[in-house]
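Given next are the chains, with one letter for each unit.
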Amino acid sequence: MSENRISLNHYRIFSAFFLFALFFPVFHKYFGSAGAMLVNGGLIFLLALYFLACKNLFSIFYGENQKKVFIAFFSIFMFFFLHIALSLLVGAAFGGIDIVQRDFYEFHRPVLYFLVFAIAFNVFCRYGLISKFERLLFFVFFVFVLIGLNQYLGLYEILSQLYTKQHNINSKRVSAPFVNPYDFAFMMSFFILYFFLKIIYTSWSFILHFAVALIMFILPQSRSVAGTFLVGFFVVLPLVLLLLEFNVKRLVVSKRLLLFCFLILFISIVFFASIPYLLENFRYLTGQFVRLLEGEGIGRSGNIRLEQFLFALDKASNPLIMLFGNGPAKSELEYVESIYNYQFYRYGLLGFLLYFVALIGFGAYFAWKVLKRINRHDATYPFFLALLVWFLIIPLMSVGNNFTEQIRLSFFFYSMLGLLAASYSLTISRSQKVSE
């Protein structure tokens, strides 16, 4: 069997996993939050079978660069697994934590994340597959829109009940196929960036996709995601484009940068013009911003996150807890609302730096390096640029929740990390061959 045929078969398997992770129902009406294990448990089992079928894991990677990157990430995930055990002991011994059965479920996370990273790395270590993946993304976006609109319009409630809570269905806060509305909004944030950059670098024909993504971003009415994404879109994105498109030596502004400025101005006008409509029809989304401007504080959800941070900081007065965390500690603090509180409370300063800051940093670094090595006219340029900006904005949006740990979102995040790591290692290999 030819190498291209083998690569295509691996990609098809990855595509099947991708669709399974994003759309397989959790049967929330029947199992509640426990239904998440149907997706995560199924992924672990099936991904393990996939890699067992690959007789020699390292033989699927081409060259020393790929092996070095893969081993580095394998070490991080292995340490994460051991870190959970260590933090459990530290929390029990020094934090007064009662270890419960649910705490041991957390051991599945590093296993799942490693397997997801590994299959994406394996697949995208092969040439010419990014364009195929972009076509898959278009299909995924289309299905997201269909399922989301079905919930919002109340067409087939039984479909929405497979994915999300009855409260979200009744309130028409779009969340399906995710459990929570803010997860849906977080996912849409990537598509907004992606289609916006496709307009700038490819064609105006993507303006309809961008408009639909923007509407679907609003429908979940997630205040924390909306507020932080606006900062990212109007601050982080312009800065990144300025770095990439502005020629300091020649003091030349590219046409793309001018187009971006025009689009930003147009979007700003449309946004301000739509404020009265949003205030009237999306009061849950806009109400807290109005109260904040009127000096009424950050609201109940903001206060919960602040209280959890202060609680985690108080417990971190013990140096070991500050370094390694309290463990999952679900008997004491089961639901943690922010990734910063989540990582710091459960896995300490070390966990926060390794499993969030470092991974975000690696993703952004890989995307930046790929962008610097490919031509701006390359069809995949907007995709890698969207990933770069998205990874840079994730820390802002994660103030409100632990998105990279959520069902479905975790698969997308770690598969994109694997894709970026593979693409980076390929560009390094290409540049080495050219220099030789």
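Structure's up top.
Being a predicted model, the structure only gives us computed values, none of them experimental. (Residues numbered from 1 in each chain as written. Predicted model: local features only at pLDDT ≥ 70, side-chain atom pairs only at ≥ 80, totals over all residues. Heavy atoms only, no water.)

Looking at the overall build of the chain
Quick note on the threshold: We count a stretch as a helix when DSSP gives it H or I for four or more residues in a row; a strand needs E for two or more, and each element gets its number in order from the N terminus. Should any heavy atoms of two residues lie within 4.5 Å, those residues are considered in contact.
When you go through the chain residue by residue, the secondary structure sums to 18 helices and two strands. Long-range pairs, those at least 24 residues apart, make up 75% of the contacts in the chain with a sequence separation of at least 6.

Here's the deal with the environment of Ala211
Inclusion rule: Relative accessibility thresholds used throughout: buried, under 20% of the residue-type maximum; exposed, over 50%; partly exposed, between the two (1.4 Å probe, protein chains only).
By the secondary structure assignment, Ala211 is in helix H10 (residues 207-218). Classification of Ala211 as partly exposed rests on a relative accessible area of 32%. In sequence terms Ala211 and Ile192 are 19 residues apart; their C-alpha atoms lie 8.2 Å from each other.

Quick word on the pattern of salt bridges
What counts, and what does not: Salt bridge, as used here, is a side-chain nitrogen of Lys or Arg placed within 4 Å of a carboxyl oxygen of Asp or Glu.
Evaluated as defined, the whole model comprises seven salt bridges. With a closest N to O distance of 2.7 Å, Glu106 and Lys330 form a salt bridge. Of this pair, Glu106 sits in the loop between helix H4 (64-94) and helix H5 (108-124) while Lys330 sits in the loop between helix H15 (319-324) and helix H16 (339-373), and the two are 224 residues apart along the sequence. Under the relative-accessibility criterion, Glu106 is labelled buried at 2%.

Topic: the side chain of His83
Where we set the bar: Counting of polar contacts relies on pairs of N or O atoms within 3.5 Å, with two restrictions inside protein: one atom must be capable of donating a hydrogen and the other of accepting it, and residues adjacent in sequence are counted only when both atoms are side-chain atoms.
The residue His83 is located in helix H4 in this model. For His83, a relative accessible area of 1% translates into the label buried. A distance of 3.1 Å separates a polar side-chain atom of His83 from the backbone oxygen of Tyr347. Discounting residues that sit within four places of it in the chain, His83 has contacts with Phe324, Tyr347, Leu350, Gly351 and Tyr355.

Looking at the packing of H4 against H5
Formally: Between the N-to-C directions of two axes lies an angle of 0 to 180 degrees, each axis being a line fitted to C-alpha atoms and, for a helix, fitted only over the stretch in contact. Roughly parallel here means an angle under 35 degrees, roughly antiparallel means over 145, roughly perpendicular means 65 to 115, and every remaining angle is called oblique. Polarity classes work like this: nonpolar for Ala, Val, Leu, Ile, Met, Phe, Trp, Tyr, Cys and Pro, charged for Asp, Glu, Lys and Arg, and polar for all others, with Gly in that last group.
Relative orientation of the contacting elements H4 and H5 amounts to 170 degrees, with a least axis distance of 9 Å. Taken together, the axes of H4 and H5 lie roughly antiparallel to each other. Side by side, H4 and H5 meet where Gln66, Val69, Phe70, Phe73, Phe74, Phe77, Phe80, Phe81 and Ile84 of the first sit next to Pro110, Val111, Tyr113, Phe114, Phe117, Ala118 and Phe121 of the second. A per-class count over the contact of H4 with H5 returns 15 nonpolar, one polar and no charged.

Remarks on the environment of Arg109
Checked against the element boundaries, Arg109 lands in helix H5. Residues Arg109 and Phe80 lie 29 residues apart in sequence; the distance between their C-alpha atoms is 8.8 Å.

Some thoughts on a nonpolar patch on the surface
The condition that has to hold: Exposure above 30% relative accessible area and no salt bridge define the residues that can form patches, which grow by joining like charges within 9 Å and nonpolar side chains of Val, Leu, Ile, Met, Phe, Trp and Tyr within 5 Å. Residue-level accessible areas treat just the shown protein chains as cover; the underlying method is Shrake-Rupley with a 1.4 Å probe.
A surface patch of nonpolar side chains, about 660 Å² in accessible area, is lined by Leu230, Val231, Phe234, Val235, Leu239, Phe271, Phe272 and Leu396. The set of elements that each furnish at least two residues to the nonpolar patch consists of helix H11 (223-245) and helix H12 (255-281). When residues of the nonpolar patch are assigned to their parent elements, the largest contribution, five residues, is made by H11. Mapping Leu396 onto the fold places it in helix H17 (residues 381-397).

Overview of the packing of aromatic side chains
Defined as follows: Aromatic pairs are defined between Phe, Tyr and Trp rings, using the six-membered ring for Trp, whenever the two ring centres lie within 6.5 Å; interplanar angles under 30 degrees are classed as stacked, those over 60 as edge-to-face, and all others as tilted.
Throughout the structure, instances matching the rule amount to 72 aromatic pairs. Measuring from centroid to centroid gives 6.3 Å for Phe24 and Phe27, while their planes differ by 80 degrees, and the two rings are edge-to-face. Since its relative accessible area comes to 31%, Phe24 is described here as partly exposed. With a relative accessible area of 26%, Phe27 lands in the partly exposed category. Between the aromatic rings of Phe73 and Phe117, the centroid separation amounts to 4.5 Å while the plane-to-plane angle is 25 degrees, which identifies the pairing as stacked. Within this pair, whereas Phe73 is found in helix H4, its partner Phe117 is found in helix H5, the two being separated by 44 residues in sequence. Residues Phe73 and Phe117 agree in their burial class; the two are buried.

Quick look at the side chain of Asn168
Along the chain, the position of Asn168 falls in helix H8 (residues 166-171). Ignoring anything within four residues of it in the chain, the contact list for Asn168 reads Gln151, Arg173, Ser175, Val179, Asn180 and Pro181.

Topic: the environment of Leu46
One can find Leu46 in helix H3 (residues 36-53). Spatially, the C-alpha atom of Leu46 lies 9.9 Å from that of Leu115, the residues being 69 residues apart in sequence.

Considerations on unusual backbone geometry
Residue Pro177 follows Ala176 across a cis peptide bond; omega there is 10 degrees. Although it is not a glycine, Lys172 sits at a positive phi angle of roughly 60 degrees. By relative accessible area, Lys172 is classed as partly exposed at 40%. The residue Arg408 is not glycine, and still its phi comes out positive at about 75 degrees. Within the element layout of this structure, Arg408 appears in the loop between H17 and helix H18 (409-435). On the basis of relative accessibility, which here comes to 3%, the residue Arg408 falls in the buried class.

Digging into helix H9 (residues 181-201)
Applied cut-off: Here the expected span of a helix is defined as 1.5 Å times the quantity of residues minus one.
Compared with the 30 Å implied by 1.5 Å per residue over 21 residues, the 31 Å span of H9 between its first and last C-alpha is a close match. Extensive coverage of H9 is indicated by the burial of 20 of its 21 residues.

With respect to H10
For clarity, the threshold we go by: It is the directions from the helix axis to the C-beta atoms that the arc portrays.
When the terminal C-alpha atoms of H10 are compared, their 17 Å separation across twelve residues agrees well with the 16 Å that a helix rising 1.5 Å per residue should span. Restricting attention to buried positions, one finds in H10 the residues Phe210, Ala213, Met216 and Phe217. One side of H10 carries all its buried residues, which in axial view fall inside an arc of 130 degrees. Buried-residue contacts for H10 involve helix H6 (130-153), H9, H11 and H12.

Some details on the packing of H6 against H10
Short version of the rule: Throughout, a crossing is termed right-handed when the near helix is turned clockwise from the far one, and left-handed when it is turned anticlockwise from it by less than a right angle.
Packing of H6 against H10 brings their axes to within 11 Å, and their N-to-C directions diverge by 45 degrees. As far as their axial angle goes, H10 and H6 are oblique. The interaxial crossing formed by H6 with H10 has left-handed handedness. Between H6, through Phe138, Phe141, Val145, Gly148 and Leu149, and H10, the contact on the second element is made entirely by His209, Val212, Ala213 and Met216. In terms of residue class, the contact of H6 with H10 is built from seven nonpolar, two polar and no charged.

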